[in-house]
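Residue-level structure breakdown
Residue strings, one per chain:
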Amino acid sequence: MSLPSALAEIVDDFAAVAGQDKLQLLLEFSRELPPLPAELEEAAMEPVPECQSPLFLSVDASERDRVRLHFSAPPEAPTTRGFASILHQGLDGLSAQEILDVPDDFYSALGLADVVSPLRLRGMSAMLARIKRHLRA
């Protein structure tokens, strides 16, 4: 699987830990989700209803060679925030084509299927799908 370097590094970090340590790492990522910029309001963002917790995203592709991604999820939703943070850290600032080239099921390489429900994993898949949809529009 060919991934952008930042996302590949995150996948490697998850591969290096097992079991409940993966959940701990996901929790650490949830704490690293940056706040929304002052000019961006959650009401103007797209909801991702496939996520079990409220999640909103914004894709700024006005510069196709440097796409900006923003996510909003409540602090009491650490799994959702963790997934959003992984996507933010792994994809923000890349070109539209680099993001479009990310395999839709890259998240399976994180090895979270044994510690996170399939429903939650589907939320991460939905986030990536919506980002890609914006980039194809």
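In this report, the structure presented in the accompanying data block is examined. Computed from a predicted model, the values in this text were never measured in an experiment.

Some words on the pairing of strand β3 (residues 68-72)
Here is the key point about a regular strand: its side chains alternate between the two faces of the sheet. Most of β3 is tucked away, with four of its five residues classed as buried. Pairing of strand β2 (residues 56-60) with β3, which is carried by five bridges, proceeds in the antiparallel orientation. From the neighbouring strand, Phe56 faces β3, where its bridge partner is Ser72.

Thoughts on the pattern of salt bridges
Scanning all chains against the criterion turns up five salt bridges. Close ionic contact of Arg133 with Glu46 constitutes a salt bridge, the shortest N to O distance being 2.9 Å. With a gap of 87 residues between them, Arg133 in helix α5 (residues 118-136) and Glu46 in strand β1 (residues 46-47) connect regions that are remote in the sequence. Classification of Arg133 by relative accessible area gives partly exposed; the value is 44%.

Overview of the packing of aromatic side chains
Applying the stated criterion to the full structure yields two aromatic pairs. For the pair Phe14 and Phe29, a centre-to-centre distance of 5.7 Å together with 25° between the ring planes defines the contact as stacked. Here Phe14 is found in helix α1 (residues 5-15), whereas its partner Phe29 is found in helix α2 (residues 20-31), with 15 residues between them in sequence. Comparing Phe14 with Phe29, the two get one shared label, buried.

Things to note about helix α3 (residues 78-91)
Taking 1.5 Å as the rise per residue, α3 with 14 residues should run 20 Å; its terminal C-alpha atoms sit 19 Å apart, in good agreement. A large share of α3 lies buried, amounting to twelve of its 14 residues. Those residues of α3 lying buried are Thr79, Thr80, Arg81, Gly82, Phe83, Ala84, Ser85, Ile86, Leu87, His88, Gly90 and Leu91. Residues of α3 that are buried in the fold lie against α1, α2, β3, α4 (96-100) and α5.

Structural notes on α5
Between its first and last C-alpha atoms α5 spans 27 Å; for 19 residues at 1.5 Å apiece the expected length is 27 Å, and the two agree. For α5, the set of buried residues is Leu121, Gly123, Met124, Ala126, Met127, Leu128, Arg130, Ile131, Lys132 and Leu135. Elements in contact with the buried residues of α5: β1, β2, β3, α3 and α4.

A short note on the packing of α1 against α3
Running from amino to carboxyl end, α1 crosses α3 at an angle of 135°, the nearest separation of the two axes being 7 Å. One finds that α1 runs oblique with respect to α3. Residues Ala6, Leu7, Ile10 and Phe14 of α1 lie in contact with α3, whose contacting residues are Ile86, Gln89, Gly90 and Leu91. Taken together, the residues of the contact of α1 with α3 sort by class into six nonpolar, two polar and no charged.

Criteria and cut-off values
- Residues numbered from 1 in each chain as written.
- Predicted model: local features only at pLDDT ≥ 70, side-chain atom pairs only at ≥ 80, totals over all residues.
- Heavy atoms only, no water.
- Buried < 20%, exposed > 50% of the residue type's maximum accessible area, 1.4 Å probe, protein only.
- Helix = DSSP H or I, 4+ residues; strand = E, 2+ residues; numbered from the N terminus.
- Pairing = 2+ DSSP bridges.
- Salt bridge = Lys/Arg side-chain N within 4 Å of Asp/Glu carboxyl O.
- Phe/Tyr/Trp six-rings, centres within 6.5 Å; stacked < 30°, edge-to-face > 60°.
- Expected span 1.5 Å × (residues − 1).
- Contact = heavy atoms within 4.5 Å.
- Axes fitted to C-alpha atoms, helices over the stretch in contact; angles between N-to-C directions.
- Parallel < 35°, antiparallel > 145°, perpendicular 65-115°, else oblique.
- Nonpolar A, V, L, I, M, F, W, Y, C, P; charged D, E, K, R; others polar.

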